[in-house]
Amino acid sequence: FGPNTRANLASHGIDTRFVWTEPGTSSGVAPIFVDPHSSNSILIIKGANAKLMPADIDRVADELKDCALIVMQLEIPVETVYHVLRLGAKIGVPTLLNPAPALPNLDLSELSRASFLVPNESELEIMTGMPVETVPHIEAAARSLIDRGIGCVVVTMGARGALLAHVDALPALT
């Protein structure tokens, strides 16, 4: 992350006060491979993103209080994600977590602090172990996360749009 990149971001109105360079570490990259049917696969190399620790978040905690929303993915260490979710809940700032790249065995009690959990279909399948081939399957898998303490799940479904599951918006399944 060099000075030209920082200047380019700043020229577009992006606040770079909290962007720093990690010496000896490359930037993260995520090449996207698209097949003939327009499905994609993404190879994620975290690079410097893997170095973001809870202590780094604590250094900027006062500034985070002014945020309207904190958005994260799993391209940073999971312990940092959990730390930010706890901090967001403590300071009253909503959080949105896109659980990508998908990881099995995420701690749902930690994820329940997220204001919004936004997986795609394959991430939902990995998180729940449930099938996601049809919209009813996706609804059932999303509902299983609601039943396990996640308050709001938005499943992105590519060309089929998105599905919203919310603790207060869905009838109980019998």
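This text follows the structure it describes.
This structure is a prediction, so every number in the text was calculated from the model and none was measured. (Residues numbered from 1 in each chain as written. Predicted model: local features only at pLDDT ≥ 70, side-chain atom pairs only at ≥ 80, totals over all residues. Heavy atoms only, no water.)

## Observations concerning the pattern of salt bridges
Throughout the structure, instances matching the rule amount to seven salt bridges. As a salt-bridge pair, Glu121 and Arg160 come within 2.2 Å of each other at their nearest N and O atoms. Placement of the pair is Glu121 in helix α6 (residues 121-128) and Arg160 in the loop between β6 (152-156) and β7 (162-166), with a sequence separation of 39 residues. Put simply, Arg86, Glu110 and Arg113 are held in one network by salt bridges that share partners. (Salt bridge = Lys/Arg side-chain N within 4 Å of Asp/Glu carboxyl O. Helix = DSSP H or I, 4+ residues; strand = E, 2+ residues; numbered from the N terminus.)

## Describing the nonpolar core
Within the largest apolar cluster, 35 residues are counted, with the highest numbers of intra-cluster contacts made by Met72, Leu97, Leu111, Leu145, Val153 and Val155. Listed by contribution, the elements that provide at least two residues to this core are α3 (61-64), β3 (70-73), α4 (78-91), α5 (108-111), α6, α7 (135-147), β6 and β7. If we skip the residues at most four places from it in the chain, Leu145 touches Leu108, Leu117, Leu124, Met127, Thr128, Ile150 and Val153. (Core = buried A, V, L, I, M, F, W, Y, C linked by side-chain atoms within 4.5 Å. Buried < 20%, exposed > 50% of the residue type's maximum accessible area, 1.4 Å probe, protein only. Contact = heavy atoms within 4.5 Å.)

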